[in-house]
Amino acid sequence: MTGMQGMKWLARRETLRVSKLWTQTVLAPVISSLLFILVFGLSLGDRVRNVGTVEYDQFIVPGLIAMAMVQAAFANNASTMFQARSELYINDILSSPMHPWQMTLGFVVGGLYRGLLIGGSLLAAAFVLTGVGLAHPAALALTMVLCLVLFASFGTVVGIHAESWDATTFVANIVILPLAFVGGTFYSVALLPSPWEELSHFNPIFYMVQSMRFGLLGESDVSIWLSLGVTAALAVPAYLWAQWLFTTGRRLKA
Amino acid sequence: MYRDDERCRAPAALVPQRAPALELRGLTKRYDDGTLAVEDFDLQVHDGAFFGLLGPNGAGKTTVISAVCNLIRVTAGEVLVFGEPITSLRARSWIGLAEQDINLDRFLSVRETLIYHGGYFGMRREQAEERAEEMIDAFDLRAKRDVRAPKLSGGQRRRLLLARALMHRPRLVILDEPTAGVDYELRQELWRYIRRLHAEGTTILLTTHYLEEAEALCEEIALIRGGKLLARDSAEGLRERYGATNLAGVYVKAMAEV
């Protein structure tokens, strides 16, 4: 029971950190995604009427929400881990009577919380601004959780390995952001010429955007099962990787 | 093999029959860069002791402490706390650590620092809140209760670090140079608190560079260098053994022997 109590407090600490820094952790990504919806959707939407049967301002909403959530979950856990390591207050957690799996879960909860706050806020705003629907709520909920577990875990791993702040921002800006932009947020990959269409299927974020789109609009370039399968197939090893680092103490303990 | 060296055994009068508060058996730590910090290191600290660990920088004091607190990957050997291996959660819940570096969570206020630490160590919210208020008063932090750690003075941070270590009522308190860089007044204050804690039955393991601190506080002192235990005894016993008038003399002679 001792370890469970510790895990709850660690999860609470991680959510408290997000809440205390809410202007940076929640408000800023929500505003920047809303600007995308307004600028690209509402202004460009007059020229690009529909993608398939979906209006353009609604078409971009799922991808923008997915982008904002995964970037926030990654950044959250990469920064919380790196800071805890560099300022050594991770020692208070490592020396506590918690199992490694409890530490992993406690940290991942922070990324989930931040991602869900952002996703929820953006969904609410998109309902008002674009009238986007909620076609398959269960698929949407599962997609959000899997995406957030994947990127919060990956952020944890990067935060544990990072030697400097630059390393965490490098992964965010050079890997995640470009993949998110070419993941079919602003267009349907079916419209791309070969080989770009085929190459898009190697981008993991493409599947997350597709399953978000299925959840919200009921439309997707690929099967929902394939999208959920790929996301889960990445989320599970990412989580286990983070768990392995806590279990072995590699990079966490000298 | 230093484990069989009679100089390293606790004097018989100081060893009770209960499980020792801390027992290290053949502890070895080689860091990833190849540095051998401690090798085949044995140590027993009895329940209720006030034990000092003295040695120069790089002697292995912090490595020993880190091994006890699950902060390093031990290369070989065993660490037992009150008879339980350190891998058990029970054993870890009995230890309170105040590290040499001030490693306070920058996002938490004084009160939150204490409450969250209590939570990590298994305390329920009401228990933790009540205990935190006690610690805030005991360490004279009432005026700073809702201030975050980075806004505290050096002395206040040091007091909070000690309060955090004691928050969950540990049976074994490990203080790694608790008075390093603090002024005379605060040092006296911390000494008073540590003495009271020991008088209440808590086992204390203290590392320090201040020899007069070890002499004034510790019932038993171990001298270590290069990851090896050189000698252990009461301050008086060490003075006799080395024919010195004070602990500084003992220290100089012991270190010169290596």
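A quick note: this is a predicted structure, and the numbers were derived from the prediction, not measured.

The rules we used
Residues numbered from 1 in each chain as written. Chains lettered and ligands numbered in written order. Predicted model: local features only at pLDDT ≥ 70, side-chain atom pairs only at ≥ 80, totals over all residues. Helix = DSSP H or I, 4+ residues; strand = E, 2+ residues; numbered from the N terminus. Rg over C-alpha atoms; globule rule 2.2 N^0.38 Å. Buried ≥ 20, exposed ≤ 12 C-beta atoms within 10 Å, placed from the backbone. Contact = placed C-beta atoms within 7 Å. Pairing = 2+ DSSP bridges. Right-handed = clockwise from strand over helix to strand, strands pointing away. Axes fitted to C-alpha atoms, helices over the stretch in contact; angles between N-to-C directions. Domains from an automatic or database assignment. Arc of directions from axis to C-beta. Expected span 1.5 Å × (residues − 1). pLDDT = per-residue confidence, 0-100.

### Here we look at the overall build of chain B
Part 1: Secondary structure assignment for chain B yields 9 helices and 10 strands.
Part 2: Whereas a compact globule of 258 residues would reach a radius of gyration of roughly 18 Å, chain B reaches 18 Å, a difference of no more than 12%.
Part 3: Each principal axis of the C-alpha distribution contributes one length, and for chain B these read about 50 × 40 × 40 Å.
Part 4: Looking at chain B as a whole, 50% of its 258 residues are labelled buried.
Part 5: Put simply, 66% of the contacts in chain B that link residues at least 6 apart link residues at least 24 apart.

### Details of the overall build of chain A
Part 1: Each helix and strand in chain A was counted, giving 10 helices and 2 strands.
Part 2: Sequence-ordered secondary structure for chain A, helices as α and strands as β, is α-α-β-β-α-α-α-α-α-α-α-α.
Part 3: Against the compact-globule benchmark of 18 Å for 254 residues, chain A has a radius of gyration of 19 Å, which places it among compact chains.
Part 4: C-alpha atoms of chain A, sized along the principal axes, occupy 60 × 35 × 35 Å.
Part 5: In chain A, buried positions account for 51% of the 254 residues.
Part 6: Here the analysis covers contacts within chain A between residues at least 6 apart in sequence; of these, 81% occur between residues at least 24 apart.

### Quick look at the pairing of strand β8 (residues 203-207) of chain B
All names here are of chain B.
Part 1: Burial runs high along β8: 5 of the 5 residues are buried.
Part 2: Of the two faces of β8, the one lined by Thr203, Leu205 and Thr207 and the one lined by Ile204 and Leu206 are each fully buried.
Part 3: For strand β7 (residues 172-176) and β8, the ladder comprises 5 bridges, and the chain directions are parallel. Directly across from Val173, in β8, lies its bridge partner Ile204.
Part 4: Considered for its hand, the β-α-β crossover made up of β7, helix α6 (residues 184-199) and β8 is right-handed.

### Considering the sheet that holds strand β2 (residues 36-45) of chain B
All names here are of chain B.
Part 1: Ordered by their spatial adjacency, 4 strands build an open sheet running β2-β1-β4-β5, and the pairing between neighbours is antiparallel. Looking at which strands have only one partner, the edges of the open sheet turn out to be β2 and β5 (84-85).
Part 2: Sheet topology note: the strand β1 (residues 22-30)/strand β4 (residues 76-81) ladder contains 5 bridges and is antiparallel. Looking at the pairing, Glu23 lines up with Leu80 of β4.
Part 3: Contacts from helix α1 (residues 61-68) reach β1, β2 and β4 within the one sheet, and its direction differs from that of β1 by about 115°.

### Concerning the interface of chain A and chain B
Part 1: With 23 residues of chain A at the interface, the matching set in chain B holds 25 residues.
Part 2: For the side of chain A that touches chain B, the secondary-structure elements that each account for two or more residues are α1 (2-20) and α4 (90-94) of chain A.
Part 3: Broken down by element, the side of chain A that touches chain B gets its largest block of residues, 9 residues, from α1(A).

### Observations regarding the domain arrangement of chain B
Residue and element names in this part refer to chain B.
Part 1: Here chain B is partitioned into domain 1 (2-94 + 170-257) and domain 2 (101-169).
Part 2: Spacing between the C-alpha centres of domain 1 and domain 2 amounts to 25 Å.
Part 3: The interface of domain 1 with domain 2 comprises 8 residues on the first partner and 9 residues on the second.
Part 4: With 3 residues, α6 is the single largest residue contributor to the side of domain 1 that touches domain 2.

### Focus on the sheet that holds strand β10 (residues 228-233) of chain B
Strand pairs in the sheet, formed through backbone hydrogen bonds, run parallel or antiparallel to each other.
Residues and elements named next belong to chain B.
Part 1: Overall, mixed pairing links the 6 strands, which are arranged β6-β7-β8-β3-β9-β10 in an open sheet. The open sheet has two free edges, formed respectively by β6 (95-98) and β10, since each of these has just one partner strand. Across the sheet, the mean angle from the axis of one strand to that of its neighbour is 15°, orientation sign disregarded.

### Comments concerning helix α9 (residues 247-257) of chain B
Count 3.6 residues to each turn of an α-helix, and residues three or four apart come out pointing the same way.
All names here are of chain B.
Part 1: Turning to α9, its buried residues are Leu247, Val250, Tyr251 and Ala254. Take α9 and look down its axis: the buried residues cluster within an arc of 100°, on one side only. Exposed and oriented more than 90 degrees from the buried face of α9 are Ala248 and Ala256.
Part 2: Where α9 is buried, its residues contact β3 (50-54), α7 (211-217), β9 (220-225), β10 and α8 (235-242).

### A few points about helix α9 (residues 204-217) of chain A
Residues and elements named next belong to chain A.
Part 1: Given a rise of 1.5 Å per residue, 14 residues ought to cover 20 Å, and the 20 Å separating the end C-alpha atoms of α9 matches this to within 8%.
Part 2: Extensive coverage of α9 is indicated by the burial of 13 of its 14 residues.
Part 3: Two residues or fewer past α9, Gly218 is found with a positive phi of approximately 75°.

### Side note on the confidence of the model for chain A
Part 1: Overall, the prediction assigns chain A a mean pLDDT of 93, with 98% of residues at 70 or greater.
Part 2: Helix α10 (residues 224-248) of chain A holds the highest mean pLDDT among the elements of chain A, 98, whereas strand β1 (residues 50-51) of chain A holds the lowest, 78.

### Digging into unusual backbone geometry
Part 1: The peptide bond linking Ser194(A) to Pro195(A) adopts the cis configuration, its omega dihedral lying at 5°.
Part 2: Of note, Pro195(A) is situated in the loop between α7 (165-181) and α8 (196-200).
Part 3: In the Ramachandran plot, Phe82(B) falls in the positive-phi region, its phi being about 50° despite a non-glycine side chain.
Part 4: Within the secondary structure, Phe82(B) is located in the loop between β4 and β5.
Part 5: Accessibility expressed as a C-beta count within 10 Å gives 18 for Phe82(B), which makes it partly exposed.
Part 6: With phi around 55°, Asp140(B) is a residue other than glycine that occupies positive phi space.
Part 7: Along the polypeptide, Asp140(B) turns up in the loop between α4 (125-138) and α5 (154-166).

### Focus: the pairing of β9(B)
Residues and elements named next belong to chain B.
Part 1: Counted residue by residue, β9 has 5 buried out of 6 residues, so it is predominantly covered.
Part 2: Two elements, β3 and β9, share 4 bridges in a ladder whose sense is parallel. Bridge pairing in β9 links Leu54 to Leu223.
Part 3: The pairing of β9 with β10 spans 5 bridges and is antiparallel. Along β10, the bridge assignment pairs Ala222 with Arg232.
Part 4: The turn linking β9 back onto β10 is made up of 2 residues, and Gly226 within it adopts a positive phi angle of 55°.

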